[in-house]
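# Fold and contact review
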Amino acid sequence: MAAGRALAALLAALLAASAQLLPREASFTISLHKVDNTTVTIKLRPGVSPSCRIRIKNVIRSDLKIKSGENVTFTFTCSTPEKYFIMEIQKNIDCVSGPCPFGDVHLYPLGLPRLNRTYIWDVKASTKAGLELKFSTPWLRQIEPGETCPDSISYNINSCIDKATVNIGTFCRNGSVSRVKLLGGVIMSLHLPWHSLLTTSGFNIANRASIKRLCIIESTLKGESSITLMSPNYPLGFPEDELMTWQFVIPSNMRASVFFHNYSLSNCERKEERVEYYIPGSPSNPEVFKLSDSQPANIAGSFNMSLQGCDQDAQNPGILRLLFQVVVQLPQVDENVTHLVDLSKEKNMTVTIHLEGWPSQIPLVTEPVCLICKDPRTCDRALTLVSGAVYRISFLCKDLSRLRITAEKGIGCMDIRWCQRKVYSLSVPKAITRLPIQLHKFIWKLLATDLINVEITSPTLKLQQHIPEQKCNTSYSYSIVSATPETELNVGVFCPGGSIEKIQMRNNITISLKTFGKRFINESIPQDLKMSFVPHIKDECTFTVSPNPKAKVYLQTPNWHYGLPPYISISWFIIVPSQQTARLGFSKDRMGIACETGRAYINIKEETLGAEETVRREDELLPQPRNMHHNFWVNISNCKPVDKTQLTLQFWVTFADKQIGSQTC
């Protein structure tokens, strides 16, 4: 019996000890005064299983709503309620029927459980008055819909005019938005994560006279920076026939530039959607721009920008929306240095100055901005100049090596009688090479009718075909493409310093000069590429080759990566000096194709009386290396190959002094 009592006492002691170790449920008391006009709501997070509940005395429930004048004590049935519950604290402020409690906005009530929570201040106000939300530093940064804040703390501002609600925007901390002025009422929300230790709202409310527009957003930028802002309701539509203003407070020694990155226009019945700038010191305030215009740049100090909507078509209103960037930077040392670009004597030419990688690569917002200006206030990341005019341009850019030039020139011939004897120089104009910007590409587009062909020559420098066996090592190269509406023939990549004197081509031709590095300006002084229009030629492409007698020259068929198109014929005319013997050889022993329709041929023939022609079909072995004593032709013509076979051929030519008495090999 005594043993039984001892065991019972031991079990009781263990139970008491374990009870002390169990976590006690935390108790919370929320007490709201009658005059607070505040409601606290605790509810389950959407999509979460109700594994945790709220206990009030002996009642278990899944949600709780506490109104003004109530005092409620409760606990949670789990130790991690933040996983299951969210909380909303809404305070209604009536500024219509009574005085407003202006000043700092406090996070009330205190002692709330640590849950993800949203504070909502619903301020009712007359449209005859204005409300101002003033934010304490580090101010706010507007974000796009769907974007999240790094610290999960966000503000949302909605304007309330009559029964209409307009989403002014969502904001994170650490930005430039220092105050927002609104017409009429406002619904201000602050979203805090459960672990946030924030104890202040970060803003106060002040009363202002009517602002006569939807809202005014003030951004204060103190140093070099870049900000992105959006129109209210973005990406949905800006309210019909509304007006709003952004005020930018910028030190007078800084320069600001505006860039529109995404916008759309509504269908207007009356008025016109526009942007207006008020720039202190401007003789033409307000300066009015369309959304499609290049926006002002290089603005000294503070300025205002307003967005004006229109009366929309009731049947098809469309959407007015805007996302834009303001970049603030220090003035550049050489911003007043202008560069003359004289294109007055040029025809059919455009010159675009742009950032490297444009237009496929958009610079990061954090990168220093590089601007090209055609006058002190008309600047952009890319500037296109057209022929027939004279420009004086300047650069707002710390590092000009980030900029590039891409130019294009068109030359056409519709009647051979008018252009057969004319020779065009395909060289980069001095107006471009004199600029302190690296040329990226110069494109010549040569257009002619079906019976007119193009001939390009390089009489002094000659051209070298860029292939693995003889790579170009110059500061620039030419890419040549022949095109019809049906096919495109990549003739090849060529650079100066080779053996090709002339190339004749059918169809419309595009020649692209591409540079590699800064050596181009010095090396390109003797550019000698010339072009003329000639009567119809037999082959798709004919090369005239005059090799250096001491060099081994490699030549290959166009369209190397895809093979010659079906039924295409290409010829090479090789010039052999009178005291030399040429040796011709192929880099493989067969053509390497099978024909579905027609035959593929290689024809080799010396240009001399009685010379025999060597012919090989696609199913035959190619000729062995052979000596050629006179100028000779190599012609390659294609059939329609069967699927997955391509005609690609490469051959080489070397020279040796002619031996007395030798004729053939």
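It should be noted that the structure appears before, not after, this text.
Everything numeric in this text was worked out from a predicted model, so none of it was measured.

A few words on the overall build of the protein chain. If you tally the helices and strands in the protein chain, you get four helices and 54 strands. Here the protein chain has a C-alpha radius of gyration of 39 Å; the compact-globule value for 665 residues is 26 Å, and the former is much larger. Taking the principal axes of its C-alpha atoms as reference, the protein chain extends roughly 130 × 95 × 50 Å. Considering the protein chain as a whole, with its 665 residues, one finds that 47% of them fall into the buried category. For the protein chain, contacts bridging at least 24 residues in sequence account for 81% of all contacts bridging at least 6. Distance between charge centres in the protein chain, computed from 72 positive and 59 negative side chains, equals 5 Å.

Attention shifts here to the packing of aromatic side chains. Within this structure, the stated rule accounts for 22 aromatic pairs. Arranged with centres 6.4 Å apart and planes meeting at 40°, the rings of F494 and F543 form a pair that is tilted. Highlighted residues: F494 in strand β40 (residues 488–496) and F543 in strand β44 (residues 541–545), separated in sequence by 49 residues. Judged on exposure class, the residue F494 and its partner F543 are both buried. Put simply, the rings of W246, F248, F260, Y277, F289, F303 and F324 pair up and form one aromatic cluster. The ring centre of F259 lies 4.5 Å from the NZ or CZ of R381, which sits over that ring. Here the basic side chain of K552 rests over the ring of W652, its NZ or CZ set 4.7 Å away from the ring centre.

A cis amide bond links T137 to the next residue, P138, at an omega of 15°. Structurally, the position occupied by P138 is in the loop between β10 (129–135) and β11 (140–143). The omega angle of the peptide bond from Y234 to P235 is 5°, so this bond is cis rather than trans. The topology assignment puts P235 in the loop between β18 (225–230) and β19 (243–249). Phi is positive for N174, which is not a glycine, with a value near 70°. When you line up the elements, N174 lands in the loop between β13 (164–173) and β14 (177–183).

This part covers the pairing of strand β9 (residues 116–124). Of all nine residues making up β9, seven are buried, and the element is well covered by its neighbours. Direction of pairing for strand β7 (residues 85–94) relative to β9: parallel, over a ladder of nine bridges. Bridge pairing links M87 to R117 in β9. Bridging between β9 and strand β15 (residues 185–192) involves seven bridges; their strand directions are antiparallel. Each residue of the ladder has a partner; that of I120, found in β15, is S189.

Conventions used here
Residues numbered from 1 in each chain as written. Predicted model: local features only at pLDDT ≥ 70, side-chain atom pairs only at ≥ 80, totals over all residues. Heavy atoms only, no water. Helix = DSSP H or I, 4+ residues; strand = E, 2+ residues; numbered from the N terminus. Rg over C-alpha atoms; globule rule 2.2 N^0.38 Å. Buried < 20%, exposed > 50% of the residue type's maximum accessible area, 1.4 Å probe, protein only. Contact = heavy atoms within 4.5 Å. Lys, Arg positive; Asp, Glu negative; His and termini not counted. Charge placed at Lys NZ, Arg CZ, Asp CG, Glu CD. Phe/Tyr/Trp six-rings, centres within 6.5 Å; stacked < 30°, edge-to-face > 60°. Lys NZ or Arg CZ within 6 Å of the ring centre and 35° of its normal. Pairing = 2+ DSSP bridges.

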